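Residue-level listing of the chains:
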Amino acid sequence: MIDVPIHGRILTLELFRRHGEARDLLFVATERYTFCVLQWDAETSDVITRVTGDAWHPERSPTHNIKVGTVDPDGRLIVFHISNGTLKVFPFTNAGQLGEPFNIRVIQGHILDIKFLHGCGKPTVVMLYKTMFIKNWRFEVHAITVDSVTKIFCVAGRGWLTQDLHVGPHLMITVPEPLCGVLLFCKKVICYRGPGGQQTITKEPTTISACGRVDLIRARYVYGDHNGNLLTLDIAHEGKKPTGLKIVRLDKTSVASSISYIGASVVFVGSSYGDSQLVKINIPADEIVPRVEVLKIFENLGPIADFCVVDSERQGQCQLVTCSGAYKDGSLRILSYGIGINEQASRVLQVVTGMWSLRSSTDDPYSTFLVVSFISGTRIWEMNLENDLKECQIQGFSSDVETLFCHDAIHDQLVQVTSNAVRLVSSTTRELCGSWVVPADCSIIVATANVSQVLLATRGLSLIYLKIGDGVLTEVVNIQLECDISCLDINPIGNNSHYSDLAAVGMWGGIGVRIYSLPDFIVLTTDDLGQAIPRSVLMCSLDGVSYLLCALGDGHLFNFVLNTVNGDLADKKQVSLGTRPITLRTFSSKGAIRVFAASTRSTVICRRYRKLCYSNVNLKEVIHMCPFSSAAFPESVAIATREKLIIGGIDDIQKLHSSILPLGESADFICHQERTKTIAVCNLKDKQSNAEGSEDSGRLSISLLDDQTFKELSTFCLRQFERCCCIISCSLSDDKKEYYCIGTAYKRDKEEATGRVLLLSVGVEDKDRILVLIASAETCGDVREVEAFNGKLLASLFHETVCYEWLSESRMLCPSSYSDDRVINIYVGGSIFEIFSKGEEDPIEREEGSVESEVEVVPEQWEKCSHEIERVKCYFTSVDNDNYMGCDDSFNIFTFRVNENMDAGGGTFKLVGVYHLGERINRFRKGTMGFPVIDGVDDVERIPAVMFGTSNGVIGLVASLPEDEYLFWEMLQTNMRKMIKVAGGVSHVQWRSFYNEKRTVAARNFLDGDLIKLFLNLSLDQKEKISKAVGVAVEALMERVEELPSLH
């Protein structure tokens, strides 16, 4: 599979084949009327661009048609519907290039679809359109034959199409030879019309969302409806004469937006409303019991109606919970960013105190045993010849006591350390071959080992060093220290992988960490770690540089560059990796050594571009971890959480991970309440009122979920015909509680819309959290937005803004002031609030209110903004107190700030940046999903960042940059534009220009982060050219691009 970037929103994809050519060509048309023809080059295994063109007409009127262009199946013409009543035709020359385009006028009304018929001597376009006829829409189909030489067209010779359709078709499919007709999918029937005759069949009253041909010999089609049903339609025929239509129901799939036949009964079901699927259609010979087998699922987050940012443990590592999908594919998606653990096996285990992997012999490249320690004993699992993990016994091990440490040893031996002894066991016979017993008056509290050395700490303040021999353990040194030891490490990091010349010792009493020389135990270096107590120490070599890592009990981690010759510690840095003690272990990934820091915010540590990089692991809390590489699970790890033991592979890079909570319907709004650890989801169907036979069918509800388990806790049922329009979590004046505040709308038939402001709290009933209605206020319009402001509540209706005071004693919402404006958005910041509204002459206005005064209206037009931004259906958010961001229905985003020269007549706002995103944004939220920490920069104040979710399922982030940073990245972006070539011929500058139906303006003060990241994928020659242009060395430039996410 290859990825072919196209600069544009693709609306049409059609295959065709010109006469005399052996391969199909792909026609691609975009929303801006640019198009291209692509061809697969078998020699280079790449896609090449054969033809590019632009059908844009500056004086065209908008068509609002989801399909703008089509191509003749024989490759003779391309036709675009550029405006109501006008088609633009691009003929192909004999050489396969585009000829001079020309326009043709058509009298048909609102065109719904346009396609070329098959099997016609001259290119013939068939149009599905509707016209007003006695106050009702009339659907008609007409064909137009076009002569590309004389540029003459006529509506003749297709009388079988020029008939009225009163059943409202919404999908048209042209049928290839030998039938050469048209399939029309209507609400209750499917019609076939062709030169050989007509056929009609009734069906269930559903909307057909997609259809595709799946049998190249027989006229068989597969179509899907908005309920997710997948069905086949067979057209029985004798030559060009249709003899009947037959429908067979297959099974349920995702709601289809497109259906494409791959081959061998395999069909791709693309969905804009849920996950896309690759399915195999299995139809038995008798065609009675067909079924659909799902081969692969392609995740799709769209459409994202709303999302919330959840940081339940306040560790800076956020999850996103999105309201995704539509119809039956509606769901909640839980998204997190980090290193993924690909689970391959698991077992329920609790209260694990330690874990180690062991090999059956010194030279064995794979692990055989997994030793798991508990407070009351030790259990061992073995990977057998069938690659099954089964519990076993090692006779020489002591299994009835807790194990403090295990390790492989030289001479095919294993070492087990318990509180009273060190045991040396043969890895082949599994028998005890030697031991060292601690003196009777003390016990071992901490231990570590490598293949030839053992280091122990006892309760008697003793530090004991043992040497491993063939069946013997020899005590070499026993010294007394001034305080207890908290952790030890003798991991070899020098040239000898079997022996360490240094020992790292973490100590209590404010001493911190010491580096000793071995075997003479001379103190080389001491660092007090700020009087903190280390709980885990590790010496390791990452990318050829030796480090000492010291993990504290409060979740902080120190790292030093370690001199392996004299034990000096340098370049001290500190990061926070959680709030609980950290344990450190090394593991191998793709031949490189990395460190796993297990804690409440488990992290993988590696060295990249001369710096340590800390990447989060996509698991909530890891207690212990050890490498466990076996023939069945190469380069895997074993991880112990509070609930289970997991064996799996570990990703080498951070990426987005998601899990799904199916709802079976669409959810419109979502809100997280941190204090009660709950999430409220709005506009789900109420199960009780929608039960069969209920008189209150159609009522919606608000569901309360636990923010950790996502288990439903409670529901609150709305009135019949009432639905939520907005929701926030807030606190009000003189009240310490946190509430869910909800704005609703109520409309039935032609009644005037009304609404309510609801105040709900999370109460406790029989130890369960439930939603309780505290107060409500009726409104004379639908409540479009609510915001908390200095203990009050602002509610925006269609024609006014209402400020409510909270009377905590009487538990009432009392309206205190009004503002008569058509509100778009409300922003609250500090002691002021601002209202973005539309006045009589459609200016965007800003109103301010303060604690001391009521609402003060300051109507001012945007000066520059009014010339460049389409102000209809805009949506705004704040970046900070002075800067704002907005989006519009033309898929643009823009930024503006408060004009400092407003008194001089400069207008309220000054436009700062414009950019074509190419995505419809449904929601802005402040914050990030977490970020990789680079050498301790996580404590630095982060720059402002805003996240957004779109209808296509895109999660994006817009972050502010300091001016010097912006200028550097802009220079890199300019050079990347010259280097990156995409199919279709549309430049990056043209694609990202601010665009709507009235004007196009070059993008400014925005950077395309996705384009900049492509620098890492360039060839070395391309990188060197860009490096020379920006004046930065290649390695340094790669380093800066890698670190870009850490800026936000």
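Residues numbered from 1 in each chain as written. Predicted model: local features only at pLDDT ≥ 70, side-chain atom pairs only at ≥ 80, totals over all residues. Heavy atoms only, no water.

Some points on the nonpolar core
Nonpolar side chains in soluble globular proteins generally cluster together in the buried interior.
In step 1: Of all hydrophobic cores here, the largest spans 31 residues; its most connected members are Phe-397, Val-422, Trp-436 and Leu-456.
In step 2: Put simply, the parts of the chain that give this core at least two residues each are strand 29 (352-358), strand 30 (369-374), strand 33 (405-409), strand 34 (413-417), strand 35 (421-426), strand 37 (444-449), strand 38 (453-458) and strand 39 (462-468).
In step 3: Apart from the residues within four sequence positions on either side, Trp-436 is in contact with Ala-421, Val-422, Ile-444, Leu-456, Ile-464, Leu-466, Leu-473 and Glu-475.
In step 4: Counting residues in hydrophobic clusters, the runner-up holds 20 residues, among them Val-783, Leu-797, Trp-806 and Leu-813. (Core = buried A, V, L, I, M, F, W, Y, C linked by side-chain atoms within 4.5 Å. Buried < 20%, exposed > 50% of the residue type's maximum accessible area, 1.4 Å probe, protein only. Helix = DSSP H or I, 4+ residues; strand = E, 2+ residues; numbered from the N terminus. Contact = heavy atoms within 4.5 Å.)

A short note on the packing of aromatic side chains
For any pair of aromatic rings, the description rests on two quantities: the centre-to-centre distance and the angle between the ring planes.
In step 1: Summed over the entire model, instances satisfying the criterion amount to 19 aromatic pairs.
In step 2: Taking 6.2 Å as the distance between ring centres and 65° as the angle between the ring planes, the aromatic pair formed by Phe-27 and Phe-80 counts as edge-to-face. Remark: Phe-80 occurs in strand 6 (residues 77-83) and Phe-27 occurs in strand 2 (residues 25-30); sequence separation between them is 53 residues. Side by side, Phe-27 and Phe-80 carry an identical accessibility label, which is buried.
In step 3: Here the aromatic rings of Phe-268 and Phe-298 are separated by 5.7 Å at their centres, their planes lie at 70°, and the arrangement is edge-to-face. Of this pair, Phe-268 sits in strand 23 (residues 266-270) while Phe-298 is found in strand 25 (residues 291-298), placing the two residues 30 residues apart along the sequence.
In step 4: Among the residues examined, Phe-268 registers a relative accessible area of 25% and is labelled partly exposed.
In step 5: Among the aromatic residues, ring-to-ring pairing joins Phe-27, Tyr-33, Phe-35, Phe-80 and Phe-90 into one connected group. (Phe/Tyr/Trp six-rings, centres within 6.5 Å; stacked < 30°, edge-to-face > 60°.)

Comments concerning the environment of Arg-784
In step 1: For Arg-784, the location among the structural elements is in strand 64 (residues 783-789).
In step 2: Remark: the alpha-carbon pair of Arg-784 and Leu-797, spanning 13 residues in sequence, is separated by 5.6 Å.
In step 3: Residues contacting Arg-784, with those up to four places away along its chain left out, are Cys-725, Cys-726, Ser-796 and Phe-798.

So, unusual backbone geometry
In step 1: At the junction of Glu-177 and Pro-178, the peptide bond is cis and its omega measures out at 10° in the coordinates.
In step 2: Along the chain, Pro-178 falls in the loop between strand 14 (171-174) and strand 15 (182-185).
In step 3: Note that the residue after Leu-518, namely Pro-519, is joined by a cis bond; omega there is 10°.
In step 4: With respect to the helices and strands, Pro-519 occurs in the loop between strand 43 (512-517) and strand 44 (523-527).

Concerning the sheet that holds strand 57 (residues 678-685)
In step 1: With antiparallel pairing, the four strands of this open sheet are ordered in space as 56-57-58-59. On the outer flanks of this sheet lie strand 56 (669-673) and strand 59 (712-717), each paired with one strand and no other. Each neighbouring strand pair of the sheet contributes to a mean axis angle of 25°, computed without reference to strand direction.
In step 2: With five bridges connecting them, strand 58 (residues 700-706) and strand 59 associate as antiparallel partners. Following the sheet pairing, Ser-703 is matched in strand 59 by Thr-715. (Pairing = 2+ DSSP bridges. Axes fitted to C-alpha atoms, helices over the stretch in contact; angles between N-to-C directions.)

Examining the environment of Arg-32
In step 1: Within the fold, Arg-32 resides in the loop between strand 2 and strand 3 (34-41).
In step 2: In this structure, the C-alpha to C-alpha distance between Arg-32 and Gly-8, residues 24 residues apart in sequence, is 7.4 Å.
In step 3: Apart from the residues lying within four places of it in its own chain, the contact partners of Arg-32 are Asp-54, Trp-56, His-916, Gln-990, Trp-991, Ser-993 and Tyr-995.
In step 4: Of note is the side chain of Arg-32, whose polar atom sits 3.1 Å from the backbone oxygen of Ser-993. (Polar contact = N/O pair within 3.5 Å; in protein donor to acceptor, adjacent residues only side chain to side chain.)

Overview of a nonpolar patch on the surface
In step 1: A contiguous nonpolar surface patch, about 250 Å² in accessible area, is contributed by Ile-2, Val-4 and Trp-40.
In step 2: Counting through the fold element by element, Trp-40 comes out in strand 3. (Patch = residues over 30% accessible without salt bridge, like charges linked within 9 Å, V, L, I, M, F, W, Y side chains within 5 Å. Areas by Shrake-Rupley, 256 points an atom, 1.4 Å probe, with all protein chains shown as cover. Salt bridge = Lys/Arg side-chain N within 4 Å of Asp/Glu carboxyl O.)

Thoughts on the sheet that holds strand 19 (residues 220-225)
In step 1: Read across the sheet, four strands follow the order 18-19-20-21 without closing on themselves; strand pairing throughout is antiparallel. Strand pairing shows two members of the sheet lacking a second neighbour, strand 18 (208-215) and strand 21 (241-252), which therefore form its edges. Averaged over all pairs of adjacent strands, the angle between strand axes in this sheet comes to 25°, irrespective of strand direction.
In step 2: Summarising the sheet, strand 19 and strand 20 (residues 229-238) pair through five bridges and their orientation is antiparallel. Within strand 20, the residue paired with Gly-224 across the bridge is Leu-230.

A few points about the pairing of strand 74 (residues 892-898)
In step 1: Within strand 74, six of the seven residues are buried, which leaves it mostly tucked inside the rest of the structure.
In step 2: Sheet topology places strand 73 (residues 883-887) next to strand 74; five bridges connect them, and they run antiparallel. Counted as the bridge partner of Asn-883 is Arg-897 from strand 74.
In step 3: Where strand 73 folds back on strand 74, the antiparallel hairpin that results is connected by four residues, among which Phe-891 adopts a positive phi of roughly 70°.

Side note on the packing of helix 5 (residues 1020-1030) against helix 6 (residues 1034-1043)
In step 1: The geometry of helix 5 relative to helix 6 is characterised by a closest axis approach of 9 Å and an angle of 90° between their N-to-C directions. Classified by the interaxial angle, the pair formed by helix 5 and helix 6 is roughly perpendicular. Two secondary-structure elements touch here, helix 5 through Lys-1023, Glu-1024, Ile-1026, Ser-1027 and Val-1030 and helix 6 through Val-1034, Leu-1037 and Met-1038.
In step 2: Taken together, the residues that form the contact of helix 5 with helix 6 break down as five nonpolar, one polar and two charged. (Parallel < 35°, antiparallel > 145°, perpendicular 65-115°, else oblique. Nonpolar A, V, L, I, M, F, W, Y, C, P; charged D, E, K, R; others polar.)

Here's the deal with the pattern of salt bridges
In step 1: Applying the stated rule across the entire model yields 35 salt bridges.
In step 2: The salt bridge involving Glu-31 is made with Arg-9; its shortest N-O contact spans 3.6 Å. One end of the pair, Glu-31, is in the loop between strand 2 and strand 3; the other, Arg-9, is in the segment before strand 1 (10-16), and 22 residues separate them in sequence.
In step 3: Overall, Glu-31 belongs to the partly exposed group, its relative accessible area being 22%.

Just geometry here; none of it tells us what the structure is for.
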